[in-house]
Amino acid sequence: MLTLHCPNCGIQADETELAPGGEAHLKRYGPGSSDDEFHSYLFTRENPRGPHFERWRHAAGCGKWFLAARDTVTLEVYGTYPAQTLEPPQDIKDAITAKHPGWQWREFS
Amino acid sequence: MRSYSAFAVAREAARYHMGWERAWASPEPKKKYEVIIIGAGGHGLATAYYLGKNFGITNVAVIEKGWLGGGNTGRNTTIIRSNYLQDPSAAIYEKARSLYETMSQDLNYNVMFSPRGVMMLAQTQHEIRGYQRTAHANALQGVTTEWISPGRVKELVPIINLDGPRYPVLGALWQARAGTARHDAVAWGYARACSDMGMHVIQKCEVTGVRQEGGKVTGVTTTRGDIGCDKLGIVVAGHSGHVADMAGFRLPVESVALQALVSEPIKPCMDVVVMANTVHGYMSQSDKGEMVIGGGADGYNNYTQRGSFHHIEETVRALVETFPMISRLKMLRQWGGIVDMTGDRSPILSKTPLEGCFINCGWGTGGFKAIPGSGWGMAELMAKGQSPLTDAFSLDRFKEGRFIDESVAAGVAH
Ligand SMILES: Cc1cc2nc3c(=O)[nH]c(=O)nc-3n(C[C@H](O)[C@H](O)[C@H](O)COP(=O)(O)OP(=O)(O)OC[C@H]3O[C@@H](n4cnc5c(N)ncnc54)[C@H](O)[C@@H]3O)c2cc1C
Ligand SMILES: [Zn+2]
């Protein structure tokens, strides 16, 4: 079973306690944005075969959101970090690069 | 190719079954084809078949990284129905359902289509309204479905428990001409017919790149070398995002695991397909006697063809309430497939930003039923540049806000 460390309450949470929330670090476009920008915000996702940054909610625990970096091919978890983070922390990026040299991710900010 | 018949069985029996030919050839790839289809699942093979049959285009290769039918086409629970809500869906799914009725004769291959009827249980007031609306929409679309009472449900499915404490059965949407078919046979039958037309079905050959020149597709790079083409069809289900990336565009699709399981075989006890969407479970009985069970898709992105056990547990827990007699059944096998989910739960059959490159994906949890209709429309789209069956399912519908919202009809996995 997938287990993720909840950075809010410090618990190693089982998948059954968690609710998946989709891709993290989406750029949220607002009024005045172009059709292409809205399209990318609302519909197109990275959907990578490999490392994926995603949102999770500790639904049956502390109830709070956090972010995780998880590999969609090996199911390895590279780490979890607070939802208030705008960009994956360097140690997680390093862990991904160690496993997948040259792996590219999109710009965050 | 020799045709299959009762006579052929007798003839081969008389010579110890030594005379059967291989059903399809395993050719070496040529340097170039007029059309390449990536993915030898049902949709890719059906596209190739109708390119040949309806448009006389037979210089075609279907390229498959594993074995043909080894993707979702060989992993699904084989439910075939066409009781969707929106008109474009009704058109393509009903076309597919009607083609299934004659598929065995058309392909000279027994796909065991069994129009045993599909029943979708209403277990909340909300579902009653939803299914009655679907029944009315279907009446206007010329798709025969009806709303039936709990009494009729019990007549059709004697093993059902109508007054479960949490989710009583309040009625059902019934499509009598829906049913099941043998999934592998659908892939095999199309592959045999394609091979017979001179097309190449190339297995164990992974596409690793899409070649282009001046915005136009020129071929693919594969684990067995470069292969050229004038037109390319990407038909790879859960791997669509990955292959689209090679072709240089992005898709509104996410890949997740969907699981199914079968029980030990038991005596015949249920001769229709029952779906219970509120509790996310559905069940039918295979010809071997196994209860074939499926549920909802897992919640997170996944390419492993393995799902989480607790989803199986939830599905079975829910079904036990509605079918108490299955509580003692042992489960034999469980497996998963990677399904490609779109935002409106409808497929994408479309041109792409790369000229000459077409895509057929987004069938998500419910594309087995659509295979012949999808192949029919996709072949027309690739041959003529447009098709009445596929036009509404174009890639730009998301940007334009033209959704084909089937989240009710397709909300649960099937
Ligand atoms: C558990 C489960 C239950 C389901 N139940 C039902 C049901 O009851 N009714 C229903 O209608 N639908 C059901 N579905 C959905 C249905 O199975 C799919 O929508 C349908 O089979 C998709 O067919 P396809 O040909 O598009 O994809 P697939 O059969 O997956 O074929 C795609 C092929 O592309 C190949 N491929 C991928 N990448 C490459 C590459 N780079 N190079 C070469 N080849 C590549 C793959 O190996 C694969 O063989 C279910 C799915 C699952 C997983
Ligand atoms: Zn927590």
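See the structure above.
Residues numbered from 1 in each chain as written. Chains lettered and ligands numbered in written order. Predicted model: local features only at pLDDT ≥ 70, side-chain atom pairs only at ≥ 80, totals over all residues. Heavy atoms only, no water.

Engineer: Lay out the sheet that holds strand β6 (residues 77-82) of chain A in plain terms, naming residues and giving numbers.
Structural biologist: Pairing between the strands of a sheet is mediated by backbone hydrogen bonds and can be parallel or antiparallel. Residue and element names in this part refer to chain A. With respect to topology, four strands assemble into an open sheet ordered β3-β4-β5-β6, the strand pairing being antiparallel. What marks the edges here is a single partner per strand, and that holds for β3 (19-23) and β6. Averaged over all pairs of adjacent strands, the angle between strand axes in this sheet comes to 30°, irrespective of strand direction. Summarising the sheet, β3 and strand β4 (residues 51-57) pair through three bridges and their orientation is antiparallel. Paired with Glu23 across the two strands is Glu54, which belongs to β4. (Pairing = 2+ DSSP bridges. Helix = DSSP H or I, 4+ residues; strand = E, 2+ residues; numbered from the N terminus. Axes fitted to C-alpha atoms, helices over the stretch in contact; angles between N-to-C directions.)

Engineer: Give a description of the packing of aromatic side chains that names residues and reports values.
Structural biologist: If you walk through the whole model with that rule in mind, you get 16 aromatic pairs over all chains. Judged by centre distance (5.2 Å) and plane angle (55°), the rings of Tyr50 of chain B and Trp376 of chain B are tilted. Residue Tyr50 of chain B is located in helix α2 (residues 42-55), and its partner Trp376 of chain B is located in helix α9 (residues 371-384); the two are separated by 326 residues in the primary sequence. Where Phe398 of chain B meets Phe403 of chain B, the ring centres are 6.3 Å apart and the plane angle is 50°; that geometry is what we call tilted. For Phe398 of chain B, a relative accessible area of 2% corresponds to the buried category. Three or more aromatic residues joined by ring pairs make a cluster, and in this case those are Tyr49, Tyr50, Tyr190 and Trp376 of chain B. Over the face of the ring belonging to Trp65 of chain A we find Arg55 of chain A, whose NZ or CZ atom lies 4.2 Å from the ring centre. (Phe/Tyr/Trp six-rings, centres within 6.5 Å; stacked < 30°, edge-to-face > 60°. Buried < 20%, exposed > 50% of the residue type's maximum accessible area, 1.4 Å probe, protein only. Lys NZ or Arg CZ within 6 Å of the ring centre and 35° of its normal.)

Engineer: Lay out the pattern of salt bridges in plain terms, naming residues and giving numbers.
Structural biologist: Under the counting rule described, the total for this entry stands at 27 salt bridges over all chains. Among the salt bridges present, the one from Arg177 of chain B reaches Glu101 of chain B, with a minimum N-O distance of 3.1 Å. One end of the pair, Arg177 of chain B, is in the loop between β6 (171-175) and β7 (179-180); the other, Glu101 of chain B, is in helix α3 (residues 87-107), and 76 residues separate them in sequence. Lys288 of chain B is the salt-bridge partner of Glu290 of chain B, the closest N and O atoms lying 3.9 Å from each other. Given a relative accessible area of 7%, Glu290 of chain B falls into the buried group. Taken together, the salt bridges that share partners define one network made up of Glu23, Glu46 and Arg106 of chain A together with Arg250 of chain B. (Salt bridge = Lys/Arg side-chain N within 4 Å of Asp/Glu carboxyl O.)

Engineer: An account of the pairing of strand β14 (residues 281-285) of chain B is requested, with residue identities and associated values reported.
Structural biologist: Residues and elements named next belong to chain B. Summarising burial for β14: five of the five residues are buried, a large majority. Along β14, one buried face is formed by Gly281, Met283 and Gln285 and the opposite face, lined by Tyr282 and Ser284, is buried too. Turn length for the strand β13 (residues 273-276)-β14 hairpin, with the two strands adjacent in sequence and antiparallel, is four residues, and the turn residue His280 shows positive phi of about 60°. In the sheet, β14 pairs with strand β15 (residues 290-295) via five bridges, with the strands oriented antiparallel. Counted as the bridge partner of Gly281 is Gly295 from β15. Linkage of β14 to β15, two consecutive antiparallel strands, is achieved through a turn of four residues, within which Gly289 is found at a positive phi near 100°.

Engineer: Describe the coordination of the zinc ion (ligand 2), naming the residues involved and giving the relevant values.
Structural biologist: Residues and elements named next belong to chain A. Distances from the zinc ion (ligand 2) to its protein donors, Cys6 (SG), Cys9 (SG), His58 (ND1) and Cys62 (SG), fall at 1.9 to 2.3 Å. Classification of the site at the zinc ion (ligand 2) as tetrahedral follows from its four donor atoms and the range of 103 to 115° in their angles at the metal. The motif formed by the donor residues of the zinc ion (ligand 2), counted along the single chain, is C-x2-C-x48-H-x3-C. On the criterion of sequence distance, the pair formed by Cys6 in the loop between β1 (3-5) and β2 (12-14) and His58 in the loop between β4 and β5 (65-71) is long-range, its members being 52 residues apart. For the pair shown, Cys6 and His58 are each scored as buried. (Donors = N, O, S within 2.8 Å, 3.2 Å for Na, K, Ca; no water. Tetrahedral: all angles 85-135°; square planar, octahedral: opposite > 155°, others 65-115°.)

Engineer: Can you lay out the environment of Gly52 of chain B for me, pointing to particular residues and giving the numbers?
Structural biologist: Residue and element names in this part refer to chain B. Mapped onto the fold, Gly52 is located in helix α2. As for Gly52 and Phe393, which are separated by 341 residues in sequence, their C-alpha atoms are 23 Å apart. Dropping the residues within four chain positions of it, Gly52 is found in contact with Ile57, Thr58, Met197 and Met199. (Contact = heavy atoms within 4.5 Å.)

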